[in-house]
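The chain contents come next:
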Amino acid sequence: ADIISTVEFNNTGELLATGDKGGRVVIFQREQESKNQPHRRGEYNVYSTFQSHEPEFDYLKSLEIEEKINKIRWLPQQNAAYFLLSTNDKTVKLWKVSERDKRPEGYNLKDEEGRIRDPCTITSLRVPVLRPMDLMVEATPRRVFSNAHTYHINSISVNSDYETYMSADDLRINLWNLEITNRSFNIVDIKPTNMEELTEVITAAEFHPHHCNTFVYSSSKGTIRLCDMRSSALCDNHSKLFEEPEDPSNRSFFSEIISSISDVKFNHSGRYIMTRDYLTVKVWDLNMENRPIETYQVHDYLRSKLCSLYENDCIFDKFECVWNGSDSVIMTGSYNNFFRMFDRNTKRDVTLEASRENSKPRAILKPRKVCVGGKRRKDEISVDSLDFSKKILHTAWHPSENIIAVAATNNLYIFQDKVN
């Protein structure tokens, strides 16, 4: 139940939310810098924990609906409270997280325990006052968006108009207004009339960061479709289709499975899209549809291991990918608690490990190397001794600083740049 299933920084990076398989959301808040301990800045401590989703049962289909949180998305902060969307397979909820450090006292119609008083006993009027109390962080559900998805929700994305958001499942994408819970608009529907003709499913979807009419969604066939909501109400006809032609010499039984895209992300300017499939991360230019402008090999040494990865179901793992604040570095996860970083300018890459051994405060992460066959150097790890049960699927990068959050099964690691 405590396996982390999503990680997300808010727009300022002051808060970090995680969701887990048990339906809980844990929010961490960054410590304020104190004069006598300047190095404390950057430490994240638990701010609020609440149960977002409960397990449910669909009696019509005789299906259990897991409480696992699939995605969390923050809304930009408008006032003192914070708002976030969380979703499991079927239901999206809007949560308000607010602080309370005062409590009202001296009601006329209630006693101090909150019981209603007999109006006959009230002989005088008094003005209620606010008294200070210990700080309390409250999470309250403000909206529940349900009953709109037949299939499992894999993505939610808040629009840049901050009034609408979309939720995507395997075959459909719905557009919601944040104020309206009983109605959504279906904007993409790829369900065939005959389900036996089904050839692909939607794997991820995201709105453009600045243009509220534009969004992309990726498919299990390795394609990305860019859609414009101005062209028609139902965006079944895409504006652009991004697809890399397959090299026939590389074709194998696993080609289709490993080309399935598990994550798609716009960069901060909205000019580029990044996609993650099983073995690679690709960067696409919105103006060039026929091939990506950059391709990074995440763990190419697994190409020879695809048969055993298929047998233990690891080949279906869905890795996420993230940009840093300036879009110059890309991060994504791998096995053995390794995660990879690719510098787009210098073309250098590094493999780092998130584990308890190297997670002491202020410990410096040492780059790791995986060797394939032949002689193994002292600091290298053999591809045959990688632990496939330890995997980093979910990562997040602070919007403006070099602070990263890495979820390794049920542990959350937060690393930051070494401060000189």
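As shown above, the structure is provided for reference.
Residues numbered from 1 in each chain as written. Predicted model: local features only at pLDDT ≥ 70, side-chain atom pairs only at ≥ 80, totals over all residues. Heavy atoms only, no water.

Novice: What exactly am I supposed to notice about the overall build of the protein here?
Specialist: Helix and strand counts for the protein come out as 2 helices and 31 strands. For the protein, the spread of C-alpha atoms along the three principal axes comes to 90 × 60 × 40 Å. Looking at the protein as a whole, 47% of its 420 residues are labelled buried. Taking all contacts inside the protein whose residues are at least 6 apart in sequence as the whole, residues at least 24 apart take part in 51%. Carbon together with sulfur atoms contributes 49% to the accessible area of the protein, which is approximately 22400 Å² in total. (Helix = DSSP H or I, 4+ residues; strand = E, 2+ residues; numbered from the N terminus. Buried < 20%, exposed > 50% of the residue type's maximum accessible area, 1.4 Å probe, protein only. Contact = heavy atoms within 4.5 Å. Areas by Shrake-Rupley, 256 points an atom, 1.4 Å probe, with all protein chains shown as cover.)

Novice: Would you mind showing me how to read the pattern of salt bridges here?
Specialist: Side-chain pairs of opposite charge can arise where the charged atoms are in close proximity. Throughout the structure, instances matching the rule amount to 20 salt bridges. With its nearest N and O atoms 3.1 Å apart, the salt bridge here joins Asp20 to Arg24. Its relative accessible area of 6% is what places Asp20 among the buried residues. The salt bridge involving Lys71 is made with Glu320; its shortest N-O contact spans 3.4 Å. On the criterion of sequence distance, the pair formed by Lys71 in strand 7 (residues 71–74) and Glu320 in the loop between helix 2 (306–311) and strand 23 (321–323) is long-range, its members being 249 residues apart. (Salt bridge = Lys/Arg side-chain N within 4 Å of Asp/Glu carboxyl O.)

Novice: Help me out: how do you make sense of the nonpolar core in this one?
Specialist: As a rule of thumb, soluble globular proteins bury nonpolar side chains together. With 18 residues, the main nonpolar core has Tyr278, Leu302, Leu309 and Leu386 as its most contacted residues. Apart from residues lying up to four places away in sequence, Leu309 is in contact with Tyr278, Leu302, Cys314, Ile315 and Phe388. Phe339, Ala354, Leu365 and Phe415 belong to the second-largest nonpolar core, a separate cluster that totals 15 residues. (Core = buried A, V, L, I, M, F, W, Y, C linked by side-chain atoms within 4.5 Å.)

Novice: Any chance you could explain the sheet that holds strand 29 (residues 394–397) here in plain terms?
Specialist: Either a parallel or an antiparallel arrangement is found when strands of a sheet pair, and the pairing is made through backbone hydrogen bonds. The sheet built from 3 strands is open, its strands ordered 29-30-31 with antiparallel pairing. For this open sheet the edge positions go to strand 29 and strand 31 (411–416), each flanked by a neighbour on one side alone. Each neighbouring strand pair of the sheet contributes to a mean axis angle of 15°, computed without reference to strand direction. Pairing geometry for strand 29 and strand 30 (residues 403–408), over 4 bridges, is antiparallel. Among the inter-strand pairings, Ala396 is bridged to a residue of strand 30, identified as Ala405. (Pairing = 2+ DSSP bridges. Axes fitted to C-alpha atoms, helices over the stretch in contact; angles between N-to-C directions.)

What is shown is where atoms sit, not what they do.
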